[in-house]
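# Structural overview
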Amino acid sequence: MCTYNLKAQLIFPRLNIEEYFYSENYKNEILQLVELGVGGFCLFKGSIDQTAKLTTELQKSARIPLLFCADFENGLTMRLTDGTSFPHSMALGKTDVEIIYKVAKAIAKEAKMLGVNWILAPVCDINNNRNNPVINIRSFGEDAELVQKHISAYIKGLQEEKIIACAKHFPGHGNTSTDSHNELPILNHTIEDLEKLELLPFKTAIELNVKSIMPGHLALPIIDSSGLPATLSNKIITDLFINKLNYKSLDITYALDMKAVTLHCTTIQACEYALKAGADVLLMPENPFEAIEFINTYEDAELFNQINISLTKISDLKKWTGLFDQKTFYYTPDRKQFFSNEKLALLAALKSTEVQGDKTIIPLNEESVI
């Protein structure tokens, strides 16, 4: 039987906002996870009003303030039904860094109004495989230098608002032709190959003190012959990521309920592999109650110190966002802020579609309306 345990702070389950309000059984499950001490949740679906109501309710039930995260890469509408929809990263990559910076700050402010303090972005993958089914328009571009410049502006925009940024998907998911939501992609790269291209944006993110980094679900058999995805691989996370790149901040797993993991591992196996690899946060285990039971009863002398370090990192990030300074929790959307951000989204869209170089390539009449 699961009971409250501080180690459950390492677990961040999936939370479907709409289901929380429509299913009493599901709502009770979420409240039970809060009671058991999870560190927070990753949010999906629902409206901005529902999200604000949910975060307000759950914070009141938590012994330790919860940290809510979401994939708001191009704005709240990537996961919610409303909010400001900004152009995708591929389009933003055609604009200047000042636009990226303003867009990131706007996304951060909208998220903060809803009680979300952790945005799982920017995507640091370089779009160097035209057959990639999962990154493509989520990448800022095909050029490493351009991606480095734009993720720098994005990280700066988020973290100036005390919103945690997350560089993903280490060591680089751009040159794959398989969707890790469905199966495990394989990348036949050496460390030397990665250092020439894929790792460059992540090195930039680390230099900027990005608060978290997310490895991807992709196997690198030349580096680790075990067949494990990067997010569960000690040779990739501890040896390459933590030791070689000297990364000291938070390591969050990619979603552990994706088929790239679940086709090969049980919930308990995935959690154990992730901890042994060096993960600080176990994101969306397939069965969060099993994950809590496992981490509460798991005894490994070698990992005892590491788990304590992870707990400190999570607590420090909650302090950094100001969660421990809040006397009461009440979140409500500011409609004026959304209206202002719509203008910024339009400006970004216009900037991203300006024709560069030889305009005769696209022979449009200057007076045409498209």
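Residues numbered from 1 in each chain as written. Predicted model: local features only at pLDDT ≥ 70, side-chain atom pairs only at ≥ 80, totals over all residues. Heavy atoms only, no water.

## Points about empty space enclosed by the protein
Taken as a whole and assessed by the stated rule, the structure comprises one cavity of 30 Å³ or more. Approximately 30 Å³ is the volume found for the largest cavity. Together, Tyr4, Gln9, Val34, Gly37, Val38, Ala62, Arg63, Ile64 and Leu66 line the largest cavity. Class assignment for the residues of the lining of the largest cavity results in six nonpolar, two polar and one charged. (1 Å grid on protein atoms, 1.4 Å probe; cavity = no way out; pocket = protein on both sides within 12 Å on 5 of 7 lines; lining within 4 Å. Points joined across faces, edges and corners; volume = space filled by probe spheres on them. Nonpolar A, V, L, I, M, F, W, Y, C, P; charged D, E, K, R; others polar.)

## A look at the sheet that holds strand β8 (residues 250-251)
Here we have three strands laid out as an open sheet, ordered β6-β7-β8, and parallel in their pairing. Whereas interior strands pair on both sides, the edge strands pair on one side only; in this sheet they are β6 (166-170) and β8. Two strands pair when backbone bridges link them, and strand β7 (residues 212-215) and β8 are joined in this way by two bridges, in the parallel orientation. When the sheet's bridge partners are listed, Ile213 is paired in β8 with Asp251. (Pairing = 2+ DSSP bridges. Helix = DSSP H or I, 4+ residues; strand = E, 2+ residues; numbered from the N terminus.)

## A short note on the side chain of His150
Assignment of secondary structure puts His150 in helix α6 (residues 144-159). Residues within four places of His150 in sequence aside, it is in contact with Leu92, Gly93, Thr95, Ile100 and Phe140. (Contact = heavy atoms within 4.5 Å.)

## Regarding the packing of helix α5 (residues 97-113) against helix α14 (residues 335-352)
Taken N-terminus to C-terminus, the directions of α5 and α14 make an angle of 150°; their axes are 10 Å apart at the nearest point. Between α5 and α14, the angle falls in the class roughly antiparallel. The interaxial crossing formed by α5 with α14 has left-handed handedness. Residue-level inspection shows Ile99, Lys102, Val103, Ala106, Lys109, Glu110 and Met113 of α5 in contact with α14, the latter providing Gln337, Phe338, Asn341, Leu344, Leu347, Ala348 and Lys351. Split into classes, the residues belonging to the contact of α5 with α14 amount to eight nonpolar, two polar and four charged. (Axes fitted to C-alpha atoms, helices over the stretch in contact; angles between N-to-C directions. Parallel < 35°, antiparallel > 145°, perpendicular 65-115°, else oblique. Left-handed = near helix turned anticlockwise from the far one by under 90°.)

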